[in-house]
Amino acid sequence: MSGFDFSKRDSFGSRMGVIMAAAGSAVGLGNIWRFPYILGENGGGAFLIIYLVIIFAIGIPVMMSELVIGRRTQRNPVGAFRMLSSRRPWFLVGMMGIVAAFMILAFYTAVAGWTLEYIYQILAGGIQGKSSAELTVMFDSFRSESLRPALWFSIFLLATAGIVLGGVRKGIEKSTKVLMPLLFILLVLMCIKSLTLPGAGRGVEFLFRPDFSKITGTTVLMALGQAFFSLSIGMGTLITYGSYIPADNKLASTAVQVSMVDLFIAVLAGLAIFPAVFAFGISPASGEALTFIVLPGIFQQVSGGMIFAFAFFFLLAIAALTSTISVMEVIVAYFSEQLNMSRRTAIIIATASMFILGISASLSWGVMRDVKLFNLNIFDLFNFTTANILLPLGGLLIVAFLGWFFPGHAVRDELSNGGTLRVRYYSLYRFIIRFIAPVAIALVFLNGLGLLRF
Ligand code: PHE
């Protein structure tokens, strides 16, 4: 067994701190960068409806389950499964989460680095007055360079490591409390601007009017993957954060509140982006470049736009940071608790290995552009495999474990804080984690990957 002293574990200070930290993990580039471009590539309104159904029917129950496992065991994902099932290999679910954490951190920090490049460009006057076409060229040429994406990636990684080194309460909780409300306000302002551009109506229609003929098995899988990615579920982030949550926190309402905030920010991002996409005549299926072309375009239309642009990209970088620290925390909690390293050593090892993985991901359009597997570059490979395979599979195993291999009264006990809360939703929750969620994930999965057609 490890020699880690579990009585010295850190924890979140307040109820608000818990929500802010979990929402800080959930809200990030997934909402503002990934959601719009995935929705844009997968049919718009119909995707949104499928996404909503998945958040409610699968996302929230999976999130509750992770929090239950985390708080019950007070352990990192691997330690948690070892504790709950010492004789069966369920800890492999935790291991899969650690692998996913490495892959996510690699490509996610690369994108976070792009936000730093934009902050720099805004300050250097490199964005002012550029048309959408010029912004597209700018994005593509930046991304295909070798030095800059790797440099910004490295700076962002070091910032993440620095905050994680500060510890859970001091580092993570504090940094999420203040800036997120500001990001929200700016996003609302951008929606207003975007919605009043000439031709904006077509964007609103694209986002809200479903065209189900565009939906295929792959689309549903993409919506499932996006939901897991955006809620930070399926890889043990919320097992880890759950392990720092005080005993009197209402786990179910935390899960609902965090999911609603996350969903709301994603829809707001959609409302800021798609009206402008159509107003500027850009294709909604522009892929990873979408957010980075459209948002600077909106700021061109406002007086004093570069100040807003600076504030926005700065806050986006902070939102990304509260997500990267939650991913790194998973790795660090695992290293320090299971492998008995000090937090400092754990962070150094995690960061050093991340350099190799992440620089490869950030150079996927530069010198590493020809390195491909299944026709995907390293960045896309990490992006696709984590969101669409590892996270849903992790989620499936997490709910199946709690639903079928763990005593129901213990789950109920954890959700009701030892019987002190009423848990009227419990039978619905249990039905979902035993039947609906596992079956739905399995079907979407097999169908989306082409292993089963219906
Ligand atoms: N949910 C984060 C976002 O949407 C990304 C993330 C994924 C964070 C998985 C932690 C774990 O930006």
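Below is a summary of the structure that appears in this document. (Residues numbered from 1 in each chain as written. Predicted model: local features only at pLDDT ≥ 70, side-chain atom pairs only at ≥ 80, totals over all residues. Heavy atoms only, no water.)

Some details on the site of the ligand
If you check the shell around the ligand, you find 16 residues, and the closest are A26, G30, Y108, F229 and S232. Interatomic distance of 3.2 Å between a backbone N/O atom of L29 and an oxygen atom of the ligand. Between the ligand and Y108, the relevant distance is 2.5 Å, taken from an oxygen atom to a side-chain nitrogen or oxygen of the residue. Counting residues per element, the ones that place at least two in the shell around the ligand are α1 (15–26), α2 (29–41), α5 (91–123), α11 (217–231) and α15 (305–338). Considered class by class, the residues forming the shell around the ligand number 7 nonpolar, 9 polar and no charged. (Near = heavy atom within 4 Å. Polar contact = N/O pair within 3.5 Å; in protein donor to acceptor, adjacent residues only side chain to side chain. Helix = DSSP H or I, 4+ residues; strand = E, 2+ residues; numbered from the N terminus. Nonpolar A, V, L, I, M, F, W, Y, C, P; charged D, E, K, R; others polar.)

What to know about the nonpolar core
If you look at the biggest cluster of nonpolar residues, it comprises 165 residues, and the most contacted ones within it are F312 and F313. Aside from chain neighbours lying at most four places away, what touches F312 is I32, L183, L186, L187, M190, L295 and F299. (Core = buried A, V, L, I, M, F, W, Y, C linked by side-chain atoms within 4.5 Å. Buried < 20%, exposed > 50% of the residue type's maximum accessible area, 1.4 Å probe, protein only. Contact = heavy atoms within 4.5 Å.)

A few points about the packing of helix α3 (residues 45–73) against α11
Close contact between α3 and α11 brings their axes to 9 Å; oriented N to C, the two are set at 45°. Here α3 is positioned oblique relative to α11, judged by the angle of their axes. In this structure, α3 meets α11 at a crossing whose hand is right-handed. Across from F47, I50, Y51, I54, I55, I58, G59, V62 and M63 in α3, the residues of α11 making contact are T219, V220, M222, A223, L224, Q226, A227, F228, S230 and L231. Class assignment of the residues belonging to the contact of α3 with α11 gives a composition of 15 nonpolar, 4 polar and no charged. (Axes fitted to C-alpha atoms, helices over the stretch in contact; angles between N-to-C directions. Parallel < 35°, antiparallel > 145°, perpendicular 65-115°, else oblique. Left-handed = near helix turned anticlockwise from the far one by under 90°.)

Things to note about unusual backbone geometry
One non-glycine residue, S232, adopts positive backbone phi at about 60°. Structurally, the position occupied by S232 is in the loop between α11 and α12 (237–242). Of note, the phi angle at F374 is positive, near 50°, even though the residue is not glycine. Given the relative accessible area of 72%, F374 is considered exposed.

As for the side chain of R34
Residue position: R34 is located in helix α2. Within the buried core, R34 has no salt-bridge partner, and the shortest N-O distance to an opposite charge, that of E41, equals 8.4 Å. Polar side-chain contacts of R34 include one of 2.7 Å to the side chain of Q226. For R34, the residues in contact, after removing those within four places along its chain, are L29, Q226, F229, N383 and A387. (Lys, Arg positive; Asp, Glu negative; His and termini not counted. Salt bridge = Lys/Arg side-chain N within 4 Å of Asp/Glu carboxyl O.)

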